[in-house]
Each structure stands twice: as C-alpha cells, then as structure tokens.
Amino acid sequence: MKIPVNEPLIGEKEIEYVLDCLRSGWISSAGKYLEAFEEAWASYCGMRFGVAVSNGTTALQIAVAAAGIGPGDEVIMPTFTIISCAQAVTYNGGVPVLVDSEPRTWCMDVSQLEAKITPRTKAIMPVHIYGHPVDMDTVISLAKRHGLLVIEDAAEAHGAEYLSGRGTDQSHWQRCGGIGDISAFSFYANKLVTTGEGGMVLTSDPQIAGRLRSLRNLCFRPEQRFYHTELGHNFRLTNLQAAIGLAQIERMPETIAKKRWMGESYTRRLQAHAGLSLPVEEPWARQVYWMYGLVLDESTGVTAVEFARRLAERGIETRPFFLGMHEQPVFTSRGMFTREQYPVAERIARQGLYLPSGLTLTESQLAAVCQAVEDSLSAT
Ligand SMILES: Cc1ncc(COP(=O)(O)O)c(C=O)c1O
C-alpha cells in the first residue's frame, strides 16, 4: 500500500459544471464560468478584480510586469520559495533580492527586509509558505514608508487568514492574497482549489487589472484588434478549467476544515518527538496546512533525503522542501547571489520534507504515516 503525497478531491459539482460547459460549447477562454470564477475568487479573498491565467507561474510573471517592474528594478523576496517567484522578476528584467526564512513559520524573515531596501527597490514579494501567512504588518508598513508595491504570492495559502493591524483598534482578519497590492495564486492539482492547471492574479486597482488582462491576452488593443504596441502573452485559462474551479470555491469551508483536521491530527500524533520541528500557527494567523512539513533536528542523525528514503520504503510518498534561490545553479552561474548565505533556509532545505497532505487523506492513512515516521526515526 502506498500513500501518495497528494490526491485532488473532485466532486459531483465539478463534473456537473464541466458537462454544462461542454454542452454549451464555451470551451475556450470566454464564458460564464470564467467570469464567475474570477469574481468569486476575488471576492472570497477580498479584492476587486480577478484575472485568471494558465498557472501560478504565469500569474507571477504578469503580476510583476503589471507592477511596472523593469530592467534593474529590485524585488525583495524570500530565498526559500519556488523558482517561479525569482524567474518572474528575472524575465521582466528585474533583480530578485533575497532574505532568509524565519525559523518557526519558514516564511520570509520580515526583520531582514529593511536592510535590503535600496533606491532601486520597487516591490516586496512575500510568499505564504505551506499555508502559513507571512507577518504582513511589517511588509505593509515598510512598503508604505518607502513607496513600494506588495505582490503577495498566495499560491499555497488559499483561505489562510492574517490578523492585520495588531495592537491597534483597526485590527482585523484578512485573507492571504487580499492584503497586498497584487496577489498571485496557483490552482495546480495539489492546491486547496484546483483547476488541474491554472492560476489567478488579484488586485483592487482597476488600472493594474487592465494591464493584467492585456498582458494575459497578447496585448490586443480593444479599439484595433490586430494592431500591437506591446508584447504580451497567451496565458489564458479555459472556461472548462474555470468550471472546475468554481465548484471547488463553493466547497472552501469543508476544504479548510479537512486541512485543519489533517494538520492538527499530525501535530497531535508527532509532537512528542523532540527531534522534529512541526508546522506552527502564530496567534496572528489561521493557517491552512497546504502541505504538512517537518524539519528533522540534526540530533536525529538523519537528513531529509535519507528520511524520505526510509519513508518511501514504508510506502509513504514525500516531497523535499524548497532549495533556496541563492543555491540554484541557474542563478549562481549568472553571478547572482554569490557569497550570500541564508542559514535558516539552507538548514530547512536539507532537513525538511513534507508528508502526505492531500484532501483525500483518511484517518487510518494519517495514522500509518505517523507510524512510519516513528519507525523511520528509530531505524538505523
Ligand atoms: C509559492 C508558489 N508560487 C508559485 C507556484 C507556481 O504555481 P504553478 O505550479 O501553478 O505554476 C507554486 C507552485 O506550487 C508555489 O508553491
């Protein structure tokens, strides 16, 4: 018996909407499901406009472009993230500037941001890692003070919430992806909301929304269709994919409840092990456990690679943590990030992995994973 690291949950509603879509003939990048999906997700996250795109990577690509990031402009981001973040900036001619992770939440260490701001800084890109929000108050206040845009990467944090304005009478909960100026989401099959492949960019700024729509669709001009003054992309999502997504959004409360059950159950069963650091939930956060990660203490004598091997032998599929951008040959070979060190990200990249965390995970599977973790820790 093998327990997969993820399995999507597709319900009857998804099938019904997709069939409706097929029967209607609206199978390309226009149609009622696309509009409804964009509106529903923007409104769920607390933004005015949603622009659906082909995946989370292309969402970041046009989010950065629409933010006006161009040659030489700097964007501060965590080193511990997926390459999509750094490559979105690089493809637009900008320069990714890195900060380390915070050891408890594994999100960007916001105390390191200010020292990285230069006259070329244009934006900060917080990434809500594995379902836990970044501490956004510091990000927002620094951005305001220095005139920077905030581009949230909320690909992994659908429905996660952050308590903004702590310590003031303005304090209130906000959904991740609804806090910055622009946000990007992925709807890949392992996300809380999936469309198979897919993504979306959100903003409340009508001008940015217009730029995003244009960049998504080859920069056609509304007044003269095949006349171009700019280069864009075909990053369109289909109505068929949006039909799946809309059904998934309608199920968000159950999805989050399932993820929180999974996260809390894993923690309850694993917390006795001194050698494991488990996901946390800061008092200012409601996290969604997109993936249940763990970091092995060096005292266990095992690295994540070895631990993953032991778990695989017991039928448990895992995935390694991200490897920091400053350790990526594709960047270091271009002379980027040389001699930069980020000890927290370096450590968790070597000692961290995530366990099966899909929406179909059963209680007995979860118990089997925890047993395998225990056996793998004591195996020599
Ligand atoms: C934080 C983050 N940003 C962006 C992406 C890219 O999304 P996609 O795989 O849809 O291109 C991912 C993918 O998992 C991600 O985890």
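It should be noted that the structure appears before, not after, this text.
This structure is a prediction, so every number in the text was calculated from the model and none was measured.

Colleague: Can you walk me through the side chain of Thr194 in this structure?
Modeller: Topologically, Thr194 is positioned in the loop between β8 (182-186) and β9 (199-203). Polar contacts involving the side chain of Thr194 include one to the main-chain carbonyl oxygen of Phe187, which spans 2.8 Å. Here the side chain of Thr194 touches Tyr188 through a polar contact of 3.1 Å, landing on its backbone oxygen. Not counting chain neighbours up to four residues away, the residues in contact with Thr194 comprise Ile10, Phe187, Tyr188, Ala189, Ile244, Gly245 and Gln248.

Colleague: Would you mind going over the site of the ligand with me for this structure?
Modeller: Close contacts around the ligand come from 13 residues, with Thr57, Asp153, Glu156, Ser186 and Lys191 the closest. Contact between the ligand and Gly56: an oxygen atom at 2.8 Å from a main-chain N or O atom of the residue. Thr57 places a side-chain nitrogen or oxygen 2.6 Å from an oxygen atom of the ligand. For the ligand, whose free accessible area comes to 390 Å², the fraction covered by protein is 90%. Element by element, the count of residues in the shell around the ligand is highest for helix α3 (residues 56-66), at three residues. Partitioning the shell around the ligand into residue classes produces four nonpolar, six polar and three charged.

Colleague: For this particular structure, what's the right way to read the sheet that holds strand β2 (residues 74-78)?
Modeller: In a beta sheet, neighbouring strands pair by backbone hydrogen bonds and run either parallel or antiparallel. Read from one edge of the open sheet, seven strands run β1-β9-β8-β5-β4-β2-β3, paired in mixed fashion. Sheet topology places β1 (49-53) and β3 (95-99) at the edges, where each strand pairs with a single neighbour. The mean angle between the axes of side-by-side strands here comes to 25°, regardless of whether they run parallel or antiparallel. In this structure, β8 lies alongside β9, joined through five bridges in antiparallel fashion. Its bridge partner being in β9, Ser183 is matched across the sheet by Leu202. Lying over the sheet, α3 contacts β1, β5 (149-153), β8 and β9, oriented at roughly 165° with respect to β8. Sitting on the sheet, helix α5 (residues 136-146) touches β4 (121-124) and β5, and the angle it makes with β5 is about 150°.

Colleague: Explain the sheet that holds strand β12 (residues 292-296) to me, please; I cannot follow it from the model alone.
Modeller: As summarised here, the arrangement of the four strands in space is β10-β12-β14-β13, forming an open sheet in which the pairing is antiparallel. At either end of the open sheet lies a strand with only one pairing partner, and these are β10 (276-277) and β13 (319-320). Bridge analysis of β10 against β12 gives two bridges, and the strand direction is antiparallel. The residue of β12 that forms the bridge with Leu276 is Leu296. Each of β12 and β14 (352-355) is contacted by helix α11 (residues 343-351), which is oriented at about 100° to β12, the strand it contacts most.

Procedures and definitions
- Note that residues are indexed from 1 along each chain, following the sequence as it is written.
- Local features in this predicted model are restricted to residues whose pLDDT is 70 or higher, and side-chain atom pairs enter the listing and the counts only when it is 80 or higher, whereas totals over whole chains, interfaces and linings include all residues.
- Hydrogens are left out, water is left out, and the side-chain values use all remaining heavy atoms of the structure.
- Strands are runs of DSSP state E lasting at least 2 residues, helices are runs of H or I lasting at least 4, and numbering of each runs from the N terminus.
- Pairs of N or O atoms within 3.5 Å make up the polar contacts considered here, provided that, within protein, one atom can donate a hydrogen while the other can accept it, and that residues adjacent in sequence are counted only when both atoms are side-chain atoms.
- Note on definitions: a residue-residue contact is assigned when non-hydrogen atoms from the two residues lie within 4.5 Å.
- Note on terminology: near, applied to a residue and a molecule or strand, indicates that one of the residue's heavy atoms is within 4 Å of it.
- In short, Shrake-Rupley with a 1.4 Å probe defines the accessible areas, and a residue's cover is counted only from the protein chains shown.
- Residues are grouped as follows: Ala, Val, Leu, Ile, Met, Phe, Trp, Tyr, Cys and Pro are nonpolar; Asp, Glu, Lys and Arg are charged; every other residue, Gly included, is polar.
- Criterion used throughout: strands pair if DSSP finds at least two bridges between them.
- Only C-alpha atoms enter the line fits that serve as axes; for helices the fit covers just the stretch in contact. Angles between N-to-C directions range over 0 to 180 degrees.

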